[in-house]
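Single-letter residue listing:
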Amino acid sequence: MVIQRNQPCYVLGVGMTKFIKPRGKVDYTELGFEAGIKAMLDAQINYDDVDQGVACYCYGDSTCGQRVFYQFGMTQIPIYNVNNNCSTGSTGLHLARNVISHGGADCILVVGFEKMNPGSLQSFWNDRANPTGTSGEMMAATRGVTNAPGAAQMFGNAGREYMEKFGAKPEDFAEIARINHEHSQRNPYSQFQDVYTLEQIMKAPMIHEPLTKLQCCPTSDGGAAAVLVSQDFLDARPHLKDQAVLIAGQCMATDAPSLFSRSAIDLMGFEMTKYAAKTAMAEAGVKPDEIKVCELHDCFSANEMIVIDAMGLSPPGKAHELVRGGGITYGGKVVINPSGGLISKGHPLGASGIAQCAELVWHLRGWANNRLVDGTKVALQHNLGLGGAVVVTIYKRADGKTSRKVEDSEVGKRNKLGYNPAVVAKGFTEEQATSVRSRNKKSAWALGDVEKKVEARF
């Protein structure tokens, strides 16, 4: 069902940190601060303009969001703390969009951040039921259990079922990873920027067939932020309309009973992705064939395969044929994960969905000029979390035009930063941070020495 909304909502500003290996060197306070400052600079607003805040993270105590947002100012606005597994960031965007579209606010800052532990994902609460425990039990009952990380088993099993049902081969999954790694070399925020041959990916250590190590996303530390605004807010700033991106369609969905159909593909939320994609596209008035660029939740190459199918980017059961034919990279039908995706860019859970948003905003503005997809009018974002939730979002330019390449020098003039953040990852000066922090309601105590730590990293 398409929800009827009263007014449009736009992404006016985005910003993010580099995604890095989780080594405990950078705290979440720094990651969230850097991302938020950059997003407000990009939107050319001050924190006093922000009506509400949404903080997105999975690992951390309650009210980490306030700890991050108080660094921008202490303006007594509502601040929501969101945790929805790997779809946390896009859940925050969905929450903000709904509030704005129903007249509850004119400007909301959404900040996602994550400070993770090295290695595969682990549960921190072993004295109570695991929220994905029933899915794990279904996996054990249908496919058995190995010593591989649990998520790799679940998604790997979905890949095995896709091979059994439709004739995909292990090299098809490896090709997805090869493409994402190749794309990442043009993304300055990517955790990894190494390019591999198909053979190298196939010969990497096997994690859970068909998934080798280079087909699995890493754990990461990172932050990303977005400023969402109403029509009235944008109309009051007409000089920014050419950078505003419309959220033309969006659907957040949870699982259907088919989750427990005993299918390994269904166990990964296939039906909720299919429903969310269909609903978001219906709201936006677009069809799958109109999608030229897509940021898709490729936590594992197997998930990219089944999601291509679920969202209608290929005919049913034919996702591997699209991959084989070069259909998911430049020169093909749709460029999937020009950022490098989770596999190469990294996956700090709370930030991932907002980083996907940033990438697509840069494409629709024409700022991602080193990886631009020609003829883009519509962009699609897919962000999934087991447990489960999925958010599918359709973006269009506010002016309805097709994106065109904008040179770095022109971007630097428009954003008043002197550089293009889509192709260069930089920090910010103390003066820039001061310009967007609250003018009258801020505390040096809340900020501490975070500002200096961020500057020191650059």
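Being a predicted model, the structure only gives us computed values, none of them experimental.

### Details of the sheet that holds strand E2 (residues 52-56)
Piece 1. With respect to topology, ten strands assemble into an open sheet ordered E3-E2-E4-E7-E1-E8-E12-E11-E9-E10, the strand pairing being mixed. Edge positions in the open sheet fall to strand E3 (79-82) and strand E10 (335-336), since each of these has one partner strand only.
Piece 2. Note: strand E1 (residues 9-16) against strand E8 (residues 245-253), two bridges, orientation antiparallel. Following the sheet pairing, Tyr10 is matched in E8 by Leu246.

### Quick notes on the UniProt feature "domain: Thiolase C-terminal" (unreviewed entry) in the protein
Piece 1. As recorded in UniProt, the sites labelled "domain: Thiolase C-terminal" (unreviewed entry) are residues 266-388.
Piece 2. Between the C-alpha atoms that bound residues 266-388 the distance is 12 Å, and the span itself is 43% helix and 11% strand.

### Focus on the nonpolar core
Piece 1. Phe72 and Leu109 are the most contacted members of the largest nonpolar core, which totals 98 residues.
Piece 2. Residue contributions to this core peak at nine residues, all from helix H1 (residues 28-43).

### What about the packing of aromatic side chains?
Piece 1. Under the counting rule described, the total for this entry stands at nine aromatic pairs.
Piece 2. Ring centres 5.6 Å apart and planes at 20 degrees place the aromatic pair Tyr189 and Trp362 in the stacked group. Taken together, the residues span a long stretch of sequence, with Tyr189 in the loop between helix H6 (170-184) and helix H7 (198-202) and Trp362 in helix H13 (residues 349-365) at a distance of 173 residues.
Piece 3. Overall, Tyr189 belongs to the buried group, its relative accessible area being 2%.
Piece 4. Using a relative accessible area of 1% as the deciding quantity, one classes Trp362 as buried.

### Here we look at a positive patch on the surface
Piece 1. On the surface, Lys21, Arg23, Lys25 and Lys213 cluster together into a positively charged patch.
Piece 2. Inspection of the secondary structure puts Lys21 in the loop between E1 and H1.

### A look at the environment of Val11
Piece 1. Relative to the helices and strands, Val11 is located in strand E1.
Piece 2. Between the C-alpha atoms of Val11 and Val229, which are 218 residues apart in sequence, the distance is 6.5 Å.
Piece 3. If near-sequence neighbours (up to four positions away) are discounted, Val11 is found in contact with Ala226, Val227, Leu228, Gln243, Ala244, Val245, Ile247, Cys357, Val361 and Tyr395.

### Considerations on the pairing of strand E11 (residues 378-385)
It is a general feature of regular strands that their side chains alternate between the two faces of the sheet.
Piece 1. When you tally the buried positions in E11, you get eight out of eight residues, the bulk of the element.
Piece 2. Where E11 lies against strand E12 (residues 389-397), eight bridges are found, and the strand directions are antiparallel. Within E12, the position partnered with Leu380 by the bridge is Ile394.
Piece 3. Where E11 folds back on E12, the antiparallel hairpin that results is connected by three residues, among which Gly387 adopts a positive phi of roughly 130 degrees.

### Considering the pattern of salt bridges
Piece 1. Scanning the entire structure with this criterion turns up 21 salt bridges.
Piece 2. Arg414 is paired through a salt bridge with Glu410; the nearest N and O atoms lie 3.1 Å apart. Here the residue Arg414 and the residue Glu410 both occupy positions in helix H14 (residues 408-414), the gap between them amounting to four residues, near one helical turn.
Piece 3. For Arg414, a relative accessible area of 25% corresponds to the partly exposed category.
Piece 4. Beyond isolated ion pairs, a larger network of salt bridges with shared partners links Arg143, Glu161, Glu164 and Lys165.

### Observations concerning H13
Piece 1. Here H13 contains 17 residues, and its C-alpha end-to-end distance of 26 Å stays within 8% of the 24 Å for a straight helix at 1.5 Å per residue.
Piece 2. In the segment just after H13, Gly366 is the residue with positive phi, at about 90 degrees.

### Notes on unusual backbone geometry
Piece 1. A cis amide bond links Glu209 with the next residue in sequence, Pro210, at an omega value of 10 degrees.
Piece 2. Inspection of the secondary structure assignment puts Pro210 in the loop between strand E5 (206-208) and strand E6 (211-212).
Piece 3. Cis geometry marks the peptide bond from Gly387 to Gly388; its omega dihedral reads 0 degrees.
Piece 4. By secondary structure assignment, the location of Gly388 is in the loop between E11 and E12.
Piece 5. Look at Gln44: it is not a glycine, yet its phi comes out positive at around 55 degrees.
Piece 6. Looking at the element boundaries, Gln44 is found in the loop between H1 and E2.
Piece 7. Phi at Asn337 is positive, roughly 60 degrees, even though this residue is not glycine.
Piece 8. Tracing the sequence through the fold places Asn337 in the loop between E10 and helix H12 (341-345).

Each value, and the rule that gives it
- Residues numbered from 1 in each chain as written.
- Predicted model: local features only at pLDDT ≥ 70, side-chain atom pairs only at ≥ 80, totals over all residues.
- Heavy atoms only, no water.
- Pairing = 2+ DSSP bridges.
- Helix = DSSP H or I, 4+ residues; strand = E, 2+ residues; numbered from the N terminus.
- UniProt positions renumbered as here; feature names shortened; annotations may be inferred.
- Core = buried A, V, L, I, M, F, W, Y, C linked by side-chain atoms within 4.5 Å.
- Buried < 20%, exposed > 50% of the residue type's maximum accessible area, 1.4 Å probe, protein only.
- Phe/Tyr/Trp six-rings, centres within 6.5 Å; stacked < 30°, edge-to-face > 60°.
- Patch = residues over 30% accessible without salt bridge, like charges linked within 9 Å, V, L, I, M, F, W, Y side chains within 5 Å.
- Areas by Shrake-Rupley, 256 points an atom, 1.4 Å probe, with all protein chains shown as cover.
- Salt bridge = Lys/Arg side-chain N within 4 Å of Asp/Glu carboxyl O.
- Lys, Arg positive; Asp, Glu negative; His and termini not counted.
- Charge placed at Lys NZ, Arg CZ, Asp CG, Glu CD.
- Contact = heavy atoms within 4.5 Å.
- Expected span 1.5 Å × (residues − 1).

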